[in-house]
Structures are given as structure tokens and as C-alpha cells.
Amino acid sequence: VWWINCSDGTNSNITAARNLTIDTNECGYVSSSLQLTRTSYIDGTCFTINANHIFINGSGNTVLGADTGTGAVISGFSNITFKNVILKNFSLGIDAQNAQNLTIWNNSIDTNSSSGAASARYGVELTNVNQSNISNNTIFTSNSNSFAIYSISSSGSNNVTVSYVPLPPGISVV
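Residues numbered from 1 in each chain as written. Predicted model: local features only at pLDDT ≥ 70, side-chain atom pairs only at ≥ 80, totals over all residues. Heavy atoms only, no water.

## Some words on the environment of Leu 87
Point 1. Of note, Leu 87 is situated in strand β11 (residues 86–88).
Point 2. A relative accessible area of 1% means that Leu 87 is categorised as buried.
Point 3. Counting along the chain gives 20 residues from Leu 87 to Asn 107, while the straight-line C-alpha distance between them is 7.7 Å.
Point 4. In contact with Leu 87, not counting residues within four places along its chain, are Val 63, Gly 71, Phe 82, Gly 93, Ile 94, Ser 108, Ile 109 and Asp 110. (Helix = DSSP H or I, 4+ residues; strand = E, 2+ residues; numbered from the N terminus. Buried < 20%, exposed > 50% of the residue type's maximum accessible area, 1.4 Å probe, protein only. Contact = heavy atoms within 4.5 Å.)

See the structure below:
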């Protein structure tokens, strides 16, 4: 319980007891494992992984973007599990770079643009990612120059299977 003192400008103070709930966003730099407990809203990038051995369990909760940014960035870290998260309205769902031993499992990623933007959007982008498992994800992208999974040739030894990708587009390995 917080006590809040207010003045109406006539120097007469009014005091009342009220319950105050502070709703924090679960987005930000992630340096320890995290279990989502509610829907989060973000304008920009939500999760930036900042350590090895991180486990993010979305518990079926939604992270809602504003048609920009990235749902999760994994860059230079290993042994990361990202599962059971619903990512919506990001330019890029998951951006993984220079990483290994990732598990991206059972997520729903929707990069469709609510503003009608025609730019390329990717559900999962892999750059120099090795020995990882990307499976059982449902991925929706916005247009014909977007891909559910986009993998740069420097990535290898990955198990990539998707439970549902409406066509076009699909999976691209370049």
C-alpha cells in the first residue's frame, strides 16, 4: 500500500490509501533465465540476450511489437533456449548471430506488418549459427520477399524444421 498526498491548489491536502500496481515490461537485456508471466508491449527490440546458458520460457505469453525492431537478439552467446513465446509485429522475430547450441522451439512468430509495410521480414535469421535446433515453430511473414527462416551460408550443422509456414515464402539458405 502506498500513501499518496495530493493538493488541489488551495493548500488543502487530501490523503487516501490506494493499492498501486506497477506493471513492468519483461523486455530488456537478459542475463539470467526468464519465465514470462504476462503480455509485453515494446516499440523496438524486446529481448537482447546478454549471457550464455539462458532459458526463456514464454509460457504461451505474447510479446507485441510496434511493426519495428526484433523480438529477440542472440549475438555471440551459446546454450540459449527460447521456447513457448508468441512474437507479433516485429520486423524480425529472432535474430541469431555468431552463436551455437541454440534451441528455438515451439514458438509462434508473426512478422506480418499491420501498417502494410512491404519491406523484407524474417521469422528467424541465422548468421554463423551452428549446432542448433530450430523446430516446431509456426511462422508467418508479410510478403513475397520475406522468409520464415533465413540462414546465411556460414551457419551449419543445424536441425531446422518448422511445423507451419504458409507459402510463399518459406525457408531460404544463402
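## Focus on the pairing of strand β15 (residues 133–140)
Each regular strand displays side chains that alternate between the two surfaces of the sheet.
Point 1. Sheet topology note: the strand β12 (residues 92–105)/β15 ladder contains three bridges and is parallel. Directly across from Ile 104, in β15, lies its bridge partner Ile 134.
Point 2. Sheet topology places strand β13 (residues 108–110) next to β15; three bridges connect them, and they run parallel. Pairing of Asp 110 across the sheet is with Phe 140, part of β15. (Pairing = 2+ DSSP bridges.)

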